[in-house]
Amino acid sequence: MSKMRNNPRIIVTVSDNGVNCKGVYIDSKDNVNSFNRQFNYEYQAFEVLDTMKYENDCEFSIQINRINWKG
């Protein structure tokens, strides 16, 4: 089993320039998929991730990194 399958994770990097989400997830059919998207705002990123996790039954953890973040 690959490391990705054992630890599906999407890293959310929040900066003054926007939000970048990058990583892997396991979908409802047990396939490992990559994920790489840019968002303007943090809430947009989490709306997509919440939909993936709770409505589409995808499996992944979330790691949040804040770079030069002013809130």
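K.L.:
Looking at this structure, I do not really get the sheet that holds strand β3 (residues 32-39). What am I missing?
P.N.:
Through backbone hydrogen bonds, the strands of a sheet pair up, either in parallel or in antiparallel fashion. With mixed pairing, the four strands of this open sheet are ordered in space as β3-β2-β1-β4. Looking at strand neighbours, the two that pair on one side only are β3 and β4 (61-67), the edges of this open sheet. Averaged over neighbouring strand pairs, the angle between their axes works out to 10° when direction is ignored. As paired elements, strand β2 (residues 18-26) and β3 share eight bridges and run antiparallel to each other. Counted as the bridge partner of cysteine 21 is arginine 37 from β3.

K.L.:
Can you walk me through the state of the cysteines in this structure?
P.N.:
Simply put, the disulfide is a covalent bond whose two ends are the sulfur atoms of two cysteines. Following the criterion strictly, the structure yields zero disulfides and no others. You can see cysteine 21 has no disulfide; the closest cysteine sulfur is in cysteine 58, sitting 14 Å from it. On the basis of relative accessible area, cysteine 58 is assigned to the buried category, the value being 10%.

K.L.:
Help me understand the nonpolar core, please; the structure alone is not making it clear to me.
P.N.:
For soluble globular proteins, nonpolar side chains are generally found buried alongside one another. Of all hydrophobic cores here, the largest spans 13 residues; its most connected members are Ile10, Cys21, Leu49 and Met52. Put simply, the parts of the chain that give this core at least two residues each are β1 (9-15), β2, β3 and α2 (42-55). When sequence neighbours within four positions are dropped, the list of residues in contact with cysteine 21 reads Ile10, Ile11, Val12, Phe35, Asn36, Arg37, Phe39, Ala45 and Leu49.

K.L.:
How do you make sense of the pairing of β1 when you look at a structure like this?
P.N.:
Every other side chain in a regular strand lies on the same face of the sheet, so the side chains alternate between the two faces. Two elements, β1 and β4, share seven bridges in a ladder whose sense is parallel. Residue pairing in the sheet places valine 14 in a bridge with arginine 66 of β4. Strand direction decides the pairing type here: β1 and β2, joined by six bridges, are antiparallel. Opposite isoleucine 10, over in β2, you have glycine 23 as the bridge partner. Where β1 folds back onto β2 in an antiparallel hairpin, the turn is made up of two residues.

K.L.:
I keep staring at the environment of methionine 52 and nothing clicks. Help me out?
P.N.:
If you trace the backbone, methionine 52 turns up in helix α2. Residues methionine 52 and tyrosine 25, 27 residues apart in the sequence, show an inter-C-alpha distance of 9.4 Å.

K.L.:
Honestly, the pairing of β2 in this entry has me stumped. Any pointers?
P.N.:
With seven of nine residues buried, β2 lies mostly within the body of the structure. The hairpin turn running from β2 into β3, its antiparallel successor, is five residues long, and aspartate 30 in that turn takes a positive phi close to 70°.

Cut-offs and rules
Residues numbered from 1 in each chain as written. Predicted model: local features only at pLDDT ≥ 70, side-chain atom pairs only at ≥ 80, totals over all residues. Heavy atoms only, no water. Pairing = 2+ DSSP bridges. Helix = DSSP H or I, 4+ residues; strand = E, 2+ residues; numbered from the N terminus. Axes fitted to C-alpha atoms, helices over the stretch in contact; angles between N-to-C directions. Disulfide = S-S within 2.5 Å. Buried < 20%, exposed > 50% of the residue type's maximum accessible area, 1.4 Å probe, protein only. Core = buried A, V, L, I, M, F, W, Y, C linked by side-chain atoms within 4.5 Å. Contact = heavy atoms within 4.5 Å.

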